[in-house]
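# Understanding the architecture of this molecule
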Amino acid sequence: MVYFPLAPPLPDPDEPLEESEPEDPEDYKKGGYHPVRAGEFLKKARYCVLQKLGWGHFSTVWLCYDSVERRHVAVKIQKSAEHY
């Protein structure tokens, strides 16, 4: 695992997050939502995924830590269907 000084710890997985009705897990497939998990790295390890902030009909939004800018950012991941 890569350690980023100044990065906050990952959220406690045993502690529930306040969240609205969850998206349908069956939508995580080709043409749907891209599966993402806390602790995962995006864009050549620049962004460390901390937790999901929300979702909508076309995308999910994730709280990430940007290791280059050394700050928290929101990353929006759009569904993979061509018509989006």
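Relevant structure appears above.
Here's a quick rundown of the structure.

About the thresholds
Residues numbered from 1 in each chain as written. Predicted model: local features only at pLDDT ≥ 70, side-chain atom pairs only at ≥ 80, totals over all residues. Heavy atoms only, no water. Phe/Tyr/Trp six-rings, centres within 6.5 Å; stacked < 30°, edge-to-face > 60°. Buried < 20%, exposed > 50% of the residue type's maximum accessible area, 1.4 Å probe, protein only. Helix = DSSP H or I, 4+ residues; strand = E, 2+ residues; numbered from the N terminus. Lys NZ or Arg CZ within 6 Å of the ring centre and 35° of its normal.

### What to know about the packing of aromatic side chains
Scanning all chains against the criterion turns up 2 aromatic pairs. Plain terms: the ring middles of Tyr28 and Tyr33 are 5.3 Å apart, the flat faces sit at 40° to each other, and that makes the pair tilted. Judged by its relative accessible area of 25%, Tyr28 falls in the partly exposed class. Where Tyr33 meets Trp55, the ring centres are 6.4 Å apart and the plane angle is 90°; that geometry is what we call edge-to-face. Here Trp55 lies in strand E2 (residues 47-55) and Tyr33 lies in the segment before strand E1 (41-42), a separation of 22 residues in the sequence. Exposure remark for Tyr33: the relative accessible area of 3% places this residue in the buried category. By way of ring pairs, the aromatic residues Tyr28, Tyr33 and Trp55 are connected into one cluster. Above the plane of the ring of Tyr33 lies Lys79, whose end atom (NZ or CZ) is 4.7 Å from the centre.

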